Amino acid sequence: MSDPTRVGVFVCDCGSNIAGVVDVPAVVRYAAGLEHVVFVDEGRWSCSVDALARMQRIIREQALNRVVVAACTPRTHEPLFKATVKEAGLNPYLLEFVSIREQVSWVHMHERDAATWKAQELVRMGVAKAVLLEEGAEIRLPVGTTCLVIGGGMAGMTAALHVADQGFGAVLVEKAPALGGLLSRISTVIHGRREVPATELVRAAAARIEAHPGIRVFTGAEIESLGGYVGNYQLAVRAGGVSERIDAATVIVATGMREIDAAGHFRHGEDPRVVTQLELEERLRRGDRLDGVEDVVIVQCVGSRNETRGCCAIGCAVAVKNALRLAADGAGRRVHLLYRDLSLVKDEHLHLEDARQAGVRFLRFPDDRYPELLETEGKLAVRVHDLLLDRDLELAADLLVLTTAYRGDDSVDRLKGLLKVSANADGFFQEAHVKLGPLDFPAEGIALGGCAKSPKFLRDSLEEGMGAAMRVSIPMKRGYVEAAGIVAELDLEDCENCGLCAKQCPYGAIQLSDQREPSLLQALCKGCGLCAADCPMECISIVHYSDAQLAAQVDAALAERPAEKIVGFVCHWCALGGVDMAGVSRLQYPPHARLIRVMCSARVPIRLVERAFERGAAGVLVAGCEFPTCHYITGNYACDKRMERARKKLAKKGYDPARLWTLWCSAADGPKFAGAMREMVRALGLPAHNGSAASSTAGRAS
Amino acid sequence: MEAPPDSRAPILVIGAGIAGITCALNAADYGAAVLLVDDTPSIGGLMARLDKTFPTNDCSICIEAPRMYEVGNHPNIEILANTTVKKANRKNGRFAVRLVTRPRYVDPEKCTGCGACIDACPVRVPDELDGKIGGTRKLIYMPFPQAVPNVVLIDPRCRSGAMRAQGACVGGCVVDCSQCRECPIALCVKACQKEGKDAIRLWQAATSRNIEVSAIVVATGVMDVRPSRGLHGYDLYPNVITYTQFERLMNAGGPTAGRIVRPSDGRPAHKIAWLQCAGRGLAGGIPYCSKVCCMVATKQTLITKEHDAAVETVVFLNDLKACGKGFWAFHEKARAAGVRHVKARPYDVVEDPATRNLVLRYEDLETGELATEEAELVVLSTGLKASDRNEGLARTLGLELDEHGFFREPDPLAAPLETAVAGIYLCGGATGPIDIAEAVVQGSAAALKAVLCGSRKEHACPTRPA
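Residues numbered from 1 in each chain as written. Chains lettered and ligands numbered in written order. Predicted model: local features only at pLDDT ≥ 70, side-chain atom pairs only at ≥ 80, totals over all residues. Heavy atoms only, no water.

**A closer look at the overall build of chain A**
1) Next: Scanning chain A from terminus to terminus reveals 20 helices and 34 strands.
2) Next: Put simply, of all contacts in chain A between residues at least 6 apart along the chain, 73% involve residues at least 24 apart.
3) Next: Looking at chain A as shown, the accessible area adds up to about 26,400 Å², and 50% of this sits on carbon and sulfur atoms.
4) Next: The positive charge centre, built from 83 side chains, and the negative charge centre, built from 88, are 3 Å apart in chain A. (Helix = DSSP H or I, 4+ residues; strand = E, 2+ residues; numbered from the N terminus. Contact = heavy atoms within 4.5 Å. Areas by Shrake-Rupley, 256 points an atom, 1.4 Å probe, with all protein chains shown as cover. Lys, Arg positive; Asp, Glu negative; His and termini not counted. Charge placed at Lys NZ, Arg CZ, Asp CG, Glu CD.)

**Here we look at the environment of Ile286(B)**
All names here are of chain B.
1) Next: By secondary structure assignment, the location of Ile 286 is in the loop between strand 16 (271-275) and helix 7 (293-307).
2) Next: With a relative accessible area of 9%, Ile 286 lands in the buried category.
3) Next: Note: C-alpha distance between Ile 286 and Leu 384 (98 residues apart in sequence) is 8.1 Å.
4) Next: Those residues in contact with Ile 286 that sit more than four places away from it in its chain are Val 225, Gly 279, Arg 280, Gly 281, Thr 382, Gly 383, Leu 384 and Lys 385. (Buried < 20%, exposed > 50% of the residue type's maximum accessible area, 1.4 Å probe, protein only.)

**Let's talk about the domain arrangement of chain B**
Interface size, as often reported, equals the accessible area lost upon joining of the parts.
Residue and element names in this part refer to chain B.
1) Next: Domain assignment breaks chain B into domain 1 (11-99 + 208-221 + 387-454), domain 2 (116-201) and domain 3 (226-384).
2) Next: Each of domain 1 and domain 2 was reduced to a C-alpha centroid, and the two centroids are 30 Å apart.
3) Next: Buried area between domain 1 and domain 2, both sides added, is near 950 Å², and the carbon and sulfur share of it is 69%.
4) Next: When residues of domain 1 are sorted by the area they lose upon contact with domain 2, Pro 41, Ser 42 and Arg 49 head the list and together hold 52% of the total.
5) Next: Taken together, the links from domain 1 to domain 2 amount to 1 salt bridge.
6) Next: One salt bridge in this structure joins Arg 49 and Asp 127, with 3.9 Å as the shortest N-O distance.
7) Next: Our count for the domain 1 to domain 2 interface comes out at 2 residue pairs in polar contact (both at pLDDT 80 or more).
8) Next: Per element, the largest residue contribution to the side of domain 1 that touches domain 2 is 5 residues, and it comes from helix 2 (residues 60-73).
9) Next: A per-class count over the side of domain 1 that touches domain 2 returns 9 nonpolar, 3 polar and 1 charged. (Domains from an automatic or database assignment. Buried area = accessible area lost by both parts, 1.4 Å probe. Salt bridge = Lys/Arg side-chain N within 4 Å of Asp/Glu carboxyl O. Polar contact = N/O pair within 3.5 Å; in protein donor to acceptor, adjacent residues only side chain to side chain. Nonpolar A, V, L, I, M, F, W, Y, C, P; charged D, E, K, R; others polar.)

**Looking at the sheet that holds strand 6 (residues 146-150) of chain A**
Residues and elements named next belong to chain A.
1) Next: Here 5 strands make up an open sheet; going across it, the order is 10-7-6-14-25 and the pairing parallel. Both outer strands of the open sheet, strand 10 (215-218) and strand 25 (446-448), are each paired with one neighbouring strand and no more. Averaged over all pairs of adjacent strands, the angle between strand axes in this sheet comes to 15°, irrespective of strand direction.
2) Next: As judged from the 4 bridges shared by strand 7 (residues 169-173) and strand 10, these two strands associate in the parallel manner. Counted as the bridge partner of Val 173 is Phe 218 from strand 10. (Pairing = 2+ DSSP bridges. Axes fitted to C-alpha atoms, helices over the stretch in contact; angles between N-to-C directions.)

**Considering the interface of chain A and chain B**
1) Next: Listed as interface residues are 89 residues of chain A and, on the opposing side, 80 residues of chain B.
2) Next: Summed over both sides, the interface of chain A with chain B buries roughly 7,000 Å², with 58% coming from carbon and sulfur.
3) Next: Taken together, the links from chain A to chain B amount to 9 salt bridges.
4) Next: Of the charged contacts in the structure, one is a salt bridge between Lys343(B) and Asp341(A), with a shortest N-O distance of 3.0 Å.
5) Next: Taken together, chain A and chain B are joined by 27 residue pairs in polar contact (both at pLDDT 80 or more).
6) Next: The set of elements that each furnish at least two residues to the side of chain A that touches chain B consists of helix 1 (16-19), helix 4 (74-87), strand 8 (188-191), strand 9 (194-197), helix 8 (198-211), helix 13 (458-478), strand 26 (480-483) and helix 17 (574-584) of chain A.
7) Next: At 14 residues, the largest contribution of residues to the side of chain A that touches chain B is made by helix 13 of chain A.

**As for the pairing of strand 21 (residues 377-380) of chain B**
Residues and elements named next belong to chain B.
1) Next: Burial along strand 21 is two-sided: Leu 377 and Val 379 and Val 378 and Leu 380, pointing in opposite directions, are all buried.
2) Next: With 3 bridges joining them, strand 15 (residues 240-242) and strand 21 adopt parallel strand pairing. Its bridge partner lying in strand 21, Thr 242 is registered against Leu 380.
3) Next: Relative to strand 21, strand 16 runs parallel, the two sharing 4 bridges. Residue pairing across strands places Trp 274 opposite Val 379, the latter belonging to strand 21.

**Comments concerning empty space enclosed by the protein**
Residue and element names in this part refer to chain A.
1) Next: In this structure the tally under the stated criterion is 9 cavities of 30 Å³ or more.
2) Next: Roughly 190 Å³ of internal volume is contained in the largest cavity.
3) Next: Lining the largest cavity are 17 residues; nearest its centre among them are Glu 96, Phe 97, Gln 553, Leu 595 and Arg 597.
4) Next: Those elements that provide at least two residues to the lining of the largest cavity are strand 4 (95-99), helix 6 (112-132) and strand 32 (593-598).
5) Next: Among the residues making up the lining of the largest cavity, the classes are represented as 10 nonpolar, 4 polar and 3 charged.
6) Next: Composition of the lining of the largest cavity by domain shows at least three residues from each of domain 1 (1-137) and domain 5 (545-702). (1 Å grid on protein atoms, 1.4 Å probe; cavity = no way out; pocket = protein on both sides within 12 Å on 5 of 7 lines; lining within 4 Å. Points joined across faces, edges and corners; volume = space filled by probe spheres on them.)

**With respect to the confidence of the model for chain B**
1) Next: Looking at chain B, the pLDDT average stands at 92 and 96% of residues meet or exceed 70.
2) Next: For the stretch residues 1-6 of chain B, pLDDT sits under 50, and the model shows 19 contacts to residues farther than four places along the chain or on other chains. (pLDDT = per-residue confidence, 0-100.)

**Considering the pattern of salt bridges**
1) Next: Enumeration over the complete set of coordinates arrives at 80 salt bridges over all chains.
2) Next: Lys435(A) is paired through a salt bridge with Asp435(B); the nearest N and O atoms lie 3.8 Å apart. Of the two residues, Lys435(A) sits in the loop between helix 12 (412-419) and strand 25 while Asp435(B) sits in the loop between strand 23 (424-426) and helix 10 (436-454), which places them in two different chains.
3) Next: Taking relative accessible area as the criterion, Asp435(B) reaches 12% and is therefore assigned buried.
4) Next: In this structure, Glu373(B) and Arg340(B) form a salt bridge, with 2.9 Å as the shortest nitrogen-oxygen distance.

**Brief notes about a negative patch on the surface**
1) Next: A contiguous patch of negative charge on the surface is contributed by Asp491(A), Glu493(A), Asp494(A) and Glu496(A).
2) Next: Tracing the chain through its elements places Asp494(A) in the loop between strand 27 (488-490) and helix 14 (500-504). (Patch = residues over 30% accessible without salt bridge, like charges linked within 9 Å, V, L, I, M, F, W, Y side chains within 5 Å.)

**Remarks on the domain arrangement of chain A**
1) Next: When the domains of chain A are assigned, the result is domain 1 (1-137), domain 2 (146-258 + 408-480), domain 3 (273-404), domain 4 (487-541) and domain 5 (545-702).
2) Next: Once you take the C-alpha centre of each, domain 2 of chain A and domain 5 of chain A turn out to be 46 Å apart.

**A word on unusual backbone geometry**
Residues and elements named next belong to chain A.
1) Next: Cis geometry is found at the peptide bond from Phe 627 to Pro 628, where omega equals 5°.
2) Next: Mapped onto the fold, Pro 628 is located in the loop between strand 33 (619-625) and helix 19 (635-652).
3) Next: Phi at His 36 takes a positive value of approximately 75°, unusual for a residue other than glycine.
4) Next: Considering the arrangement of structural elements, one finds His 36 in the loop between helix 2 (24-32) and strand 2 (37-43).
5) Next: Given a relative accessible area of 33%, His 36 falls into the partly exposed group.
6) Next: Phi angles above zero are rare outside glycine, and Glu 538 is one such case at about 55°.
7) Next: One can find Glu 538 in the loop between helix 15 (530-534) and strand 30 (540-542).

**Here we look at the pairing of strand 31 (residues 566-571) of chain A**
Residue and element names in this part refer to chain A.
1) Next: Of all 6 residues that make up strand 31, 6 are buried, and the element is covered over most of its length.
2) Next: Sheet topology places strand 31 next to strand 33; 5 bridges connect them, and they run parallel. Its bridge partner lying in strand 33, Val 570 is registered against Ala 623.
3) Next: Where the polypeptide runs from strand 31 across helix 17 and back to strand 32, its parallel neighbour, the crossover connection is right-handed. (Right-handed = clockwise from strand over helix to strand, strands pointing away.)

**Re helix 7 (residues 154-164) of chain A**
1) Next: Across the 11 residues that make up helix 7 of chain A, a large majority, 11, are buried.
2) Next: Buried within helix 7 of chain A we find Met154(A), Ala155(A), Gly156(A), Met157(A), Thr158(A), Ala159(A), Ala160(A), Leu161(A), His162(A), Val163(A) and Ala164(A).

**Things to note about the state of the cysteines**
1) Next: In this structure the tally under the stated criterion is 1 disulfide over all chains.
2) Next: Across the disulfide, Cys59(B) is cross-linked to Cys62(B) (sulfur-sulfur distance 2.4 Å). A torsion of 80° about the S-S bond marks the disulfide between Cys59(B) and Cys62(B) as right-handed. The residues Cys59(B) and Cys62(B) share a single accessibility class, namely buried.
3) Next: Of the cysteine sulfurs around Cys47(A), a residue in no disulfide, the closest is that of Cys12(A), at 6.2 Å.
4) Next: With a relative accessible area of 21%, Cys47(A) lands in the partly exposed category. (Disulfide = S-S within 2.5 Å.)

Now the structure itself:
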């Protein structure tokens, strides 16, 4: 026999912030009448040190095994209360947080009765869920200390060195016969007015790598097979005619980039006088003095800044560097640089000034009129429309240099499949988040850096190599990755092996066996619930947000006067952030909604929406992060599509699909949420005045 | 998420913008103890004040606030807001630092951020960042709603009596606030006590703390350049504002709740002009390209069009900098939305006194001709400059600044983010103008440098590879 459920409810006054609007003693009395509730406490400030100590004492004295806190907002205060109940010896997953300040007293300041009733109902919903809560625990997956670095360019070498300098093992795999990547093909690197031979930098890094006892290097290597996940990657690599199998805990992808195939542009490939920047670099690096070349024309943006491809990001600085070199080497050359926009940032303009001084002529041409190649009597020339003079010029060209676009390495297509990550049309890997996850893939333990992500300069590649090393070192230093207890659970009894869950999981946490049987790596699961909501056989549940718990909240919300109510599902991140912002801003809106928190809007299954309508709800709101933000990559997009399907299903069942609303709201957008509430109430034709003190049926007077 | 706290001396991260936050979280997740100091009352930095981020238009605070809460709750991180570094002496391979925390005049242990005191305060003053566009705050205030720590603070001018004329309730006593342990007159004190709290401490003084740290990461960030008076009519005409002020104007959490209105009359602006590279190369301006302004303007025009597609938007620019992943497509999206781009060199801006509209005269760089354009609101993209904290901090830490006031790296091509002092590293805007993603990369990289340094037993930090 397990312990009988003993729920304690702690209602906070927040000084007058809650108690000034909500009749807190009435909420306390109401809560005391709810089933399984054995103790209710009113606190002036539940988060104060003395109140927390009191809560812990009560938990022990009353032998509580569930705690409901009705106070401000879980977004700021849940960690505090979780830590408190944990110290009192209770599993922190047995805590449920009810928001009666941001969702009640601050937004219904002039409707005391309705506010009190809403607070009571929110507590009822919280208790209904709390009764069904189960213990949870953080889940750990052990992680070893070997990192596989794919790509031996400067980013990869830097990453390997920084991994190995911590005492971890690094395995560096490079497909070319020598380390160095792109940098080993170019002549010099500039920074400010400093110019350094690239060979020096490559040699220095490669020498450190080769001397480092913690780094194994495979050059001329072919990856025969690769797979796995953090803590458990397996690689088969073939180098020097020998195959070897290697286990690694983490992976850094630094496969670099290459120039696009310039064939077809300005007769590149047919005429040796037409070269790309990289080909020019290689000639300069070999010490080619370009004898006989008197007229040089450099054309920018070849294959870039068009419908299919963006700015190459580095071409302007490269072109200015090389133009200066060709103009200033004493050979008396005429150098023309034809451009659309000069993308020179920070100190790069210093080189521009030097190039102008050295006689390089810069001509701007229009976005829609590219220069043309002419050939008369065996001599090459370029016809360009000079924007400033507004006329066409013909420029002789003994050497025509094309500043081309770049694309990811040819290995990307295969690697992205093996590593279960994505890349864009140009073969550049896609990072987890453009701003805040620039070195990460969605799954933990695998990072990226350097030109494999997008074209960049040397110092940026070095920084990314170091940063990527840090990202994979965190789990290696700890020895594990850990998931919060809010994770999926699979019950495969009814599973039909459709594979949808594995296909949809943004974190690669669900793997399919050869028989297409799914299995879950809980430590990789982030608990978004996308799989659970879409599983056609309902085989997946989410700890702390199970179907039963969410259904209990829906039922509790609609137990009384359902036709006046809106059931809202809000994601923990932005949607609840918007709700809280409306609260902080004291935006007043009608009190008809009963909000249920989910981690991601993708958790909300159609069946739960239907349940709300079956129980008589006037309307249902599903709210998630504003596009394109989602804290689980693309959960809101999945939810949006699913709710479209839900509308069709509802219509078939005879419910007006217009009663299901979706809202995509940023955490800063209080006005948007408050506005949506007003609009919904109006559109659903709900009575303006909603609520009275709770009816006596639910409460058992005590 | 707990990792065993490192028994070694903590790492000091100076500056808690997104670079410093990222650095602190990486180092703390790694297991190191971190002291994160910022000389403003909240962590978050410039990013916390932005509306959206390019090139995806993600809401800035939506993605940053969870990181801020994570910092606030991390067992390995201690936040010291309102704090400056006064001394840092090398000692046995470590740094003995002195940290001075300015008073908030509020006990952070007792304040719950409820805001009752703010309601009670009788004086409203222009907000530091938003004043120009009508943003105000009280003399006791929360820096912004998502502030970490979520604790109010009192404007020191209030206590000193400087705000008496504006109606401040304190500051006119015979003895000054530092002498009293009780205040019978301050309305904020009464409001706080009425809430059952007694968090306000008008007599609070600065506190200092001496501590040994194993490594230091400088993350002082960038600042937007304030135009000099008269630049394109700035400070002469109310409807000429900066790009950071415009950012606040379009922010749902800003002073106008996201309504893009003119400061002169509060009416929606129907035609808005952006002047890129404003003040660049002029006295008071910066000589270099800040790299982000083109995309900031692209973002701002797009959001303006999203608010109201009928608003006319025109960007006067020199060279378009779209050098980043997805930036060009972002620019094309703006063009498709009807944003006009004119390659131009602006001459002057004159106000029409009747309408308070602004007439811009410029040289069209594609035709070479002089032209004019009228707009209802003019936005100056003035760029990013080095933090004004850098000079003092460089002296304290024994570091050098470059000619623009950013921290100098002796060998950026072989050892980026390192300084001339072993054990002191850089990240984010301390190194130069930078966007958020690059600041995050550098934050992770500098964290690794710092933990590697902190773990050396021989008390010698590695500098450049030999």
